[in-house]
Every structure is written in C-alpha cells, then in structure tokens.
Amino acid sequence: MRRSEICALTVEDISGDLVSINKAVVQDENKNWITKTTKTTSSTREIVIPIELADKIRRQGYVYKGHPYSITQFLEQTERRLGIPDFSIHKLRHYFASKMSSLGVPEADIMRMGGWETDHVMKSVYRHSMMDKQEQAKREAAEKLRSSLFS
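These figures come from a predicted structure and were not determined experimentally.

Caption draft 1: Representation of the pattern of salt bridges in the model. Counting across every chain of the model gives five salt bridges. Between Glu 5 and Arg 2 there is a salt bridge, with its nearest N and O atoms 2.8 Å apart. For the pair Glu 5 and Arg 2, a shared accessibility class is recorded, and that class is buried. For Arg 112, the salt bridge goes to Asp 109, with nearest N and O atoms at 3.9 Å. One end of the pair, Arg 112, and the other, Asp 109, are both in helix H5 (residues 107–114), three residues apart, so they sit about a helical turn from each other. Within this structure, Arg 2, Glu 5 and Arg 45 form a network of salt bridges that share partners.

Caption draft 2: Quick peek at the pairing of strand S4 (residues 33–36). Where strand S3 (residues 24–27) lies against S4, four bridges are found, and the strand directions are antiparallel. Its bridge partner being in S4, Ala 24 is matched across the sheet by Lys 36. Here S3 folds back onto S4 in antiparallel fashion, the turn holding five residues, of which Lys 31 has a positive phi close to 70°.

Caption draft 3: Seen up close, the nonpolar core. Leu 9, Val 11, Ile 14, Val 19, Ile 21, Ile 47, Ile 49, Ala 54 and Ile 57 form the largest nonpolar core, which has nine residues in total. Secondary structure elements with two or more residues in this core: strand S2 (18–21) and helix H2 (51–60).

Caption draft 4: Inspection of the pairing of S2 at higher detail. What you see with S2 is a clean split: Val 19 and Ile 21 sit on the buried side and Leu 18 and Ser 20 on the side with no burial. Sheet analysis places strand S1 (residues 14–15) next to S2, joined by two bridges and oriented antiparallel. Counted as the bridge partner of Ser 15 is Leu 18 from S2. Counting the residues in the hairpin turn of S1 and S2 gives two residues, including Gly 16, whose phi is positive at 65°. As paired strands, S2 and strand S5 (residues 45–48) are joined by four bridges and run antiparallel to one another. Along S5, the bridge assignment pairs Leu 18 with Val 48.

The rules behind these values
Residues numbered from 1 in each chain as written. Predicted model: local features only at pLDDT ≥ 70, side-chain atom pairs only at ≥ 80, totals over all residues. Heavy atoms only, no water. Salt bridge = Lys/Arg side-chain N within 4 Å of Asp/Glu carboxyl O. Buried < 20%, exposed > 50% of the residue type's maximum accessible area, 1.4 Å probe, protein only. Helix = DSSP H or I, 4+ residues; strand = E, 2+ residues; numbered from the N terminus. Pairing = 2+ DSSP bridges. Core = buried A, V, L, I, M, F, W, Y, C linked by side-chain atoms within 4.5 Å.

What follows is the structure, encoded as structure tokens:
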C-alpha cells in the first residue's frame, strides 16, 4: 500500500479480512492534507489481511492516527535501530511485487493487489528489484568460485 492509502484507511474500510482501499490522504496545492480518491482507478481495490490484524484494528477503533510523515520517520528510526540499510516505504511495494512474482503469483493478481494500472508499470517495478537480486546472486556465485579457485 501507498503511505497515502494507509493514512486514509478507517475501520469502516475493513469487512471481515478484506480491506477496501478507495481513498488517499495527499497534500493539495496549498500544502494542506486532504482525503481524495486513490491515485488511479486501478488503485481502488480490496486486499486480504490476516483476520487477527483486522480484529485488532476493529478493537482499537482506528487504523492509523498519525501524520503521514510519521510513518516515514518510524521506518527510518527502525532501520537505524536494527542496523539495516535505508529503504523507503515505497520500496516495500517493489519488494511486494518482486516477492509475489518469485512465488509464481500471476501478474494480473499482483497488479490488482498492488493497485498498478498497467502491467508495464508493475513489471518495470518488480523487474528492477529482481535485477538487483540477480546482480547480488551473480556476485555471490563469483565469490564462491573465487574462493574455491584461490584458497
């Protein structure tokens, strides 16, 4: 999900284990935060979440109460605390598409779940991410070969 979609979610958007993504919190031309429709018609979608998570959200009465930038700040703090490389929340969408593809999920399903309007956009996103993983795999293979030849 996009950060803007997370910020716009309400308890009313959750039915059972289905989350209806149909709006986003974005800045208008005056830099005021407003709720509007999703980025594209394809962005309006339903996704499945674990029922335990849906129940927890219903019990607490809200999905997210903070400022949109607070999500980014929390992610950055968590990365520093865990000592992991920086990545944006948007890169989690790339990871999601890449992981779904590697698991053999049909492209049409990945597009629907991620809210991509065209397969061109979705493919360019996950192919870019997959190329990074392929490059890392090549480097690891080369290192193993080097180690076996020169040790």
